[in-house]
Amino acid sequence: MSNLNYIDTHCHLDGEEFAQDRDEVVQRAREAGCTSIFLPAIDAASCQTVLDTCQHYPNYCYPMLGLHPEEVRDDWREQLTIIKALLPSAVSHQPSILAIGEVGLDYYWSRDYEEQQLQAFEEQVHWSVEMQLPLMIHCRKAQNEMVGILKKYRNDLPGGVFHCFTGNEQEARQLLEFDNFVLGIGGVLTFKKSHLPEVLPACVPLERIVLETDAPYMAPVPQRGQRNEPAYIRHVITRMAEAYGVSEEKVCQQTTANVACLFPSITF
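In this text the structure is predicted, and so the values were computed from the model without any measurement. (Residues numbered from 1 in each chain as written. Predicted model: local features only at pLDDT ≥ 70, side-chain atom pairs only at ≥ 80, totals over all residues. Heavy atoms only, no water.)

K.L.:
Run through the pattern of salt bridges, naming residues and quoting values.
P.N.:
A full pass over the atoms with the stated rule returns twelve salt bridges. The partner of Arg 28 in a salt bridge is Asp 21, with the nearest N and O atoms 3.7 Å apart. Across the pair Glu 145 and Arg 111 runs a salt bridge, and its minimum N-O distance is 3.6 Å. Highlighted residues: Glu 145 in helix 5 (residues 143-152) and Arg 111 in the loop between strand 4 (99-106) and helix 4 (114-131), separated in sequence by 34 residues. Members of the salt-bridge network, linked through shared partners, are Asp 21, Arg 28, Arg 227 and Glu 229. (Salt bridge = Lys/Arg side-chain N within 4 Å of Asp/Glu carboxyl O. Helix = DSSP H or I, 4+ residues; strand = E, 2+ residues; numbered from the N terminus.)

Put into structure tokens, the structure is as follows:
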């Protein structure tokens, strides 16, 4: 698969999990055909590590800045103030920021900060509309609430990615009602008990999908349980090609074209 090129649209390459061998991880990604890696921040502190990492790998790694729902605490307003202050400078300098993210709602573990998550998410949706930057959205056990907020801004949103989609046909169809939004698909597609190989071809055109790792998490089979990295997307590509009945080349070409359409400010 070395002759196939793809983009990893969601990778926490700035994380401590890659501190010892980040250069080697990037080298393996390049050798596997990964032409770009997008890095989402999760809080104010990681905005800086994301920007630093992207500056270390210019024209290869690209930043996204935002407050992750699981990081919403009592200081969420202060966090957003810090992050928003970074956005204008990040937009106007290299590496140019690609999106507002990783943002969203997550009620999987707890609803202790439910109201704060809703407010923080809506504030960052405002940023997306204001700056016309796509959203990188994380959502677990909160799709109805998320959709309710997005519907308020449907006509003004520039688009985005519903990251790590693992849902059913009904949930997929609901998300695809938002124009210029795509589904981020990663290692879950390869899991033995995953319904994605049936769900996706049934209702999601290949034109509405982008590839991702969520590394270091969610490694695909046969690396499941290990630290994930961008080179492993090749297993997702193989499984996606099988599911859609197309070539691996077609999967790579179409998902890369989808990224280029969603992020027109960058030449990949």
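And the narrative resumes.
K.L.:
Could you give an account of the sheet that holds strand 1 (residues 6-8), with specific residues and numbers?
P.N.:
The sheet built from eight strands is open, its strands ordered 1-2-3-4-5-6-7-8 with parallel pairing. The open sheet is flanked by strand 1 and strand 8 (209-211), the only strands paired with a single partner. On average, adjacent strands in this sheet sit at an angle of 30° to one another, irrespective of strand direction. As paired strands, strand 3 (residues 61-65) and strand 4 are joined by two bridges and run parallel to one another. Following the sheet pairing, Met 64 is matched in strand 4 by Ala 99. The sheet strands contacting helix 4 are strand 4 and strand 5 (135-140), and the helix crosses strand 4 at an angle near 155°. (Pairing = 2+ DSSP bridges. Axes fitted to C-alpha atoms, helices over the stretch in contact; angles between N-to-C directions. Contact = heavy atoms within 4.5 Å.)

K.L.:
Describe the environment of Met 131, with residues and values.
P.N.:
Structurally, the position occupied by Met 131 is in helix 4. With 38 residues separating them in the primary sequence, Met 131 and Glu 169 have C-alpha atoms 32 Å apart. With near-sequence residues (within four places) excluded, Met 131 lies in contact with Lys 84 and Leu 87.

K.L.:
With reference to specific residues and values, describe the packing of aromatic side chains.
P.N.:
Taken as a whole and judged by the stated rule, the model has six aromatic pairs. Their ring planes at 25° and their centres at 4.9 Å tell us that Phe 162 and Phe 181 sit as a pair that is stacked. Placement of Phe 162 in strand 6 (residues 160-162) and of Phe 181 in strand 7 (residues 181-185) is noted, with a sequence separation of 19 residues between them. Judged by its relative accessible area of 4%, Phe 162 is buried. Among the residues examined, Phe 181 registers a relative accessible area of 1% and is labelled buried. Here Phe 178 and Phe 181 contribute two aromatic rings whose centre-to-centre distance is 6.1 Å and whose plane-to-plane angle is 65°, an arrangement assigned as edge-to-face. Judged by relative accessible area, which is 2%, Phe 178 ranks as buried. Among the aromatic side chains, those forming a connected cluster through ring pairs are Phe 38, Tyr 62 and Phe 263. (Phe/Tyr/Trp six-rings, centres within 6.5 Å; stacked < 30°, edge-to-face > 60°. Buried < 20%, exposed > 50% of the residue type's maximum accessible area, 1.4 Å probe, protein only.)

K.L.:
Just give me the short version of the state of the cysteines, but keep the residues and values in it.
P.N.:
Under the counting rule described, the total for this entry stands at zero disulfides. Here Cys 164 is not disulfide-linked; the sulfur of Cys 139 is the nearest cysteine sulfur, at 11 Å. Free of any disulfide, Cys 252 has its nearest cysteine sulfur in Cys 34, 10 Å distant. Residue class for Cys 252 comes out buried when judged on its relative accessible area of 2%. (Disulfide = S-S within 2.5 Å.)

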